[in-house]
Amino acid sequence: MPRSPRALRLAPLVLAALCVVHVAHAQSPAVAPTPAQVSPDVDKAYTQLLAAPAIQKLMDAVKADHERSIEDLKMLTEIEAPPFKEQKRAEAFLARMKALGLADAKIDAEGNVVGLRKGTGNGPKLLISAHLDTVFPAGTDVKVKERDGKLHAPGIGDDTRGLSVLLSWLKVLNDNKVQTVGDLLIVGNVGEEELGNLRGMKAIFRDHLDIDGMVGLEPSPDGNVLVLGTASHRYEVTFKGPGGHSFGAFGQVPSAIHGMGRAIAKIAEVRTPSFPKTTFTVGTVGGGTSVNTIAPDARMAVDIRSDDMASLLETEKKILAAIDEAVAEENKRWNVTTLSVSNKLIGDRPGGRTPPDSVIVEAAIRANSAFGHKTLLRGGSTDANVPMSYGIPAIIIGGGGKATGFHALSEAIDVTDAWKGAQNSLVTVLGLVGVQGVSPALLPKRPARTK
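Predicted model, so just to flag it, every value in this text is computed and none were measured.

Colleague: Before we go on, may I ask you to explain the overall build of the chain in this structure?
Modeller: Within the chain one finds 12 helices and 19 strands. Here the C-alpha radius of gyration of the chain, 25 Å, is about what a compact globule of 451 residues would show, namely 22 Å. Expressed along its principal axes, the backbone C-alpha trace of the chain runs to roughly 85 × 45 × 40 Å. Considering the chain as a whole, with its 451 residues, one finds that 55% of them fall into the buried category. Taking all contacts inside the chain whose residues are at least 6 apart in sequence as the whole, residues at least 24 apart take part in 82%. Put simply, the chain shows about 19200 Å² of open surface, and 56% of that area lies on carbon and sulfur atoms. The chain carries 51 positive and 49 negative side-chain charges, and their two centres are separated by 2 Å.

Colleague: For this particular structure, what's the right way to read the packing of helix α2 (residues 40-51) against helix α12 (residues 419-433)?
Modeller: To describe two helices that pack against each other, one gives the angle between their axes and the distance between the axes. The geometry of α2 relative to α12 is characterised by a closest axis approach of 10 Å and an angle of 120° between their N-to-C directions. The orientation of α2 relative to α12 falls into the category oblique. When you trace α2 past α12, the crossing you get is right-handed. Together, Y46, L49 and L50 of α2 and V427, T428, L430, G431 and L432 of α12 make up the contact between the two elements. Considered class by class, the residues forming the contact of α2 with α12 number six nonpolar, two polar and no charged.

Colleague: What exactly am I supposed to notice about helix α8 (residues 256-268) here?
Modeller: End to end, α8 covers 18 Å across 13 residues, agreeing with the expected 18 Å (1.5 Å per residue, within 8%). Considered for burial, the residues of α8 that qualify are A256, G259, M260, A263 and I267. Down the axis of α8, the buried side of the element spans an arc of 100°, and every buried residue falls inside it. Packed against the buried residues of α8 are β9 (231-240), β11 (278-287), β13 (297-306) and α9 (309-334). Put simply, S255 is the residue that caps the front of α8, since its side-chain oxygen is 3.2 Å from the backbone nitrogen of I257.

Colleague: Just to check I follow, could you spell out the side chain of T180 for this structure?
Modeller: Topologically, T180 is positioned in the loop between α6 (156-175) and β6 (183-189). There is a polar contact of 2.7 Å between the side chain of T180 and the backbone oxygen of G182. With residues up to four places along the chain from it excluded, the contact list for T180 reads R117, K118, G119, T120, L430, V433, G434 and V435.

Colleague: Is there a simple way to think about the sheet that holds β9 in this case?
Modeller: Strand pairing within a sheet occurs via backbone hydrogen bonds; the two strands may be parallel or antiparallel. Strand order across the open sheet formed by four strands is β11-β13-β9-β14, with antiparallel pairing between neighbours. The open sheet is flanked by β11 and β14 (340-349), the only strands paired with a single partner. Sheet twist, expressed as the average angle between the axes of neighbouring strands with direction ignored, equals 15°. Summarising the sheet, β9 and β13 pair through 10 bridges and their orientation is antiparallel. Residue R234 lies in a different strand from β13, and its bridge partner there is D303. Along the sheet, α9 contacts β9, β11, β13 and β14; its crossing angle with β9, the most-contacted strand, is approximately 10°.

Colleague: Help me out: how do you make sense of the packing of α6 against α12 in this one?
Modeller: At a minimum axis separation of 11 Å, α6 and α12 run at an interaxial angle of 65°. The orientation of α6 relative to α12 falls into the category roughly perpendicular. Where α6 crosses over α12, the handedness of that crossing is right-handed. Taking contact as the criterion, the partners of R161, V165, W169, V172 and L173 in α6 are, on α12, W419, A422, S425, L426, V429 and L430. Looking at the contact of α6 with α12, its residues break down into nine nonpolar, one polar and one charged.

Colleague: Is there a simple way to think about the pattern of salt bridges in this case?
Modeller: Any two side chains of opposite charge can pair, given that their charged atoms come close. Under the counting rule described, the total for this entry stands at 22 salt bridges. Between E71 and K74 there is a salt bridge whose closest N-O contact spans 3.7 Å. Here the residue E71 and the residue K74 both occupy positions in helix α4 (residues 66-77), the gap between them amounting to three residues, near one helical turn. Taking the relative accessible area as the measure of exposure, E71 reaches 47% and is therefore partly exposed.

The rules we used
- Residues numbered from 1 in each chain as written.
- Predicted model: local features only at pLDDT ≥ 70, side-chain atom pairs only at ≥ 80, totals over all residues.
- Heavy atoms only, no water.
- Helix = DSSP H or I, 4+ residues; strand = E, 2+ residues; numbered from the N terminus.
- Rg over C-alpha atoms; globule rule 2.2 N^0.38 Å.
- Buried < 20%, exposed > 50% of the residue type's maximum accessible area, 1.4 Å probe, protein only.
- Contact = heavy atoms within 4.5 Å.
- Areas by Shrake-Rupley, 256 points an atom, 1.4 Å probe, with all protein chains shown as cover.
- Lys, Arg positive; Asp, Glu negative; His and termini not counted.
- Charge placed at Lys NZ, Arg CZ, Asp CG, Glu CD.
- Axes fitted to C-alpha atoms, helices over the stretch in contact; angles between N-to-C directions.
- Parallel < 35°, antiparallel > 145°, perpendicular 65-115°, else oblique.
- Left-handed = near helix turned anticlockwise from the far one by under 90°.
- Nonpolar A, V, L, I, M, F, W, Y, C, P; charged D, E, K, R; others polar.
- Expected span 1.5 Å × (residues − 1).
- Arc of directions from axis to C-beta.
- Polar contact = N/O pair within 3.5 Å; in protein donor to acceptor, adjacent residues only side chain to side chain.
- Pairing = 2+ DSSP bridges.
- Salt bridge = Lys/Arg side-chain N within 4 Å of Asp/Glu carboxyl O.

Dropping the structure here:
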């Protein structure tokens with residue numbers, strides 16, 4: 001069915017909403033120096049952990065479970081999970097969690113799959129998570145295809161690999177009867193991509209006030225540890241005027257498009273600090289009805305980001321003021337007051353950072369070292385933004401495998417020896433929550449937050 005002219009005019013804004021690409025997976029430069037050494041307590045705990053026969057057996061089990069976990073990866077990848085439509089994949093993930101021994105797991109009101117693997121008691125509660133959603137719309141061919149030694153399918157790396165690793169961890173921990181000191185809150189969450197605005201992770205931290213830390217899994221090169229969450233606000237800005245004939249009404253009515261043009265020009269002149277890095281862009285524009293009509297409407301989408309919340313808010317203030325000034329100038333140009341503007345916040349991701357000398361970062365550094373990897377501390381926009389904004393220690397690390405083509409139909413992953421990454425990240429987690437009879441929990445317990 002042919003689309004209406006209005007639908008066609010709205011298409012750029014809709015496309016913008018569907019094509020926002022976060023920087024979680026970009027090979028960004030280091031955002032902080034990696035500590036040259038970790039604390040003696042962290043080093044001692046990991047030395048004990050890695051030397052324990054029970055943990056060595058567990059690592060062998062991760063390797064042995066690799067082929068089975070790839071079947072989980074394929075199965076979940078082939079269940080499409082567009083933003084806000086993750087339910088079918090959530091149900092499949094829940095079924096696998098229950099089959100692997102987490103009988104009380106459930107889907108919460110927001111759509112997250114949540115299961116608690118309890119520790120021995122009095123230990124910390126660590127959230128381990130991967131997101132269910134992908135950027136790809138319903139109807140995308142998500143059939144996994146094998147060629148050139150890789151698995152090809154949209155979303156297979158970002159972040160279905162993370163989901164399959166969580167399931168593998170659950171299986172090997174239960175099969176080998178490994179008892180952690182702290183609790184593991186295992187979550188497949190919704191709303192990480194696009195305009196999901198981290199709704200799943202926001203709900204987790206709204207409903208679980210006793211989480212002491214978070215380790216999230218995303219496709220990431222060996223040794224990379226995300227410690228900085230870039231905040232962002234996104235606005236849809238709408239200009240409205242009476243409109244009119246381009247000749248007959250000239251001089252009598254303001255143009256919504258001209259007003260928007262003035263606004264864009266003013267926004268382009270806004271200055272931002274280079275540090276902390278703060279950016280903005282008018283990502284999409286649309287409006288008007290025909291070439292010979294003074295436009296009655298116009299729309300634009302604005303993206304504002306910063307590694308510091310105060311800088312973001314200051315830039316946001318300048319941009320919104322620039323828009324209001326532009327409308328006033330367009331009205332003054334024609335001596336009218338009939339052009340108006342409104343804005344709607346369509347994207348809101350809080351930001352924060354986890355200090356490089358915090359226990360959770362040192363744990364990742366020590367585990368990376370044990371597996372022969374140098375650590376690079378980097379930043380981006382991920383589920384970890386939410387706990388970071390509360391001051392809760394959080395990191396994002398990889399789950400193994402070499403993924404490419406994020407957010408593209410050509411997405412693929414090479415899972416050759418991917419079990420090594422799953423071992424590395426599991427060791428990071430076990431050091432933080434501790435293992436009964438092997439090593440203490442390193443992650444400090446925090447006072448429970450209040451609503």
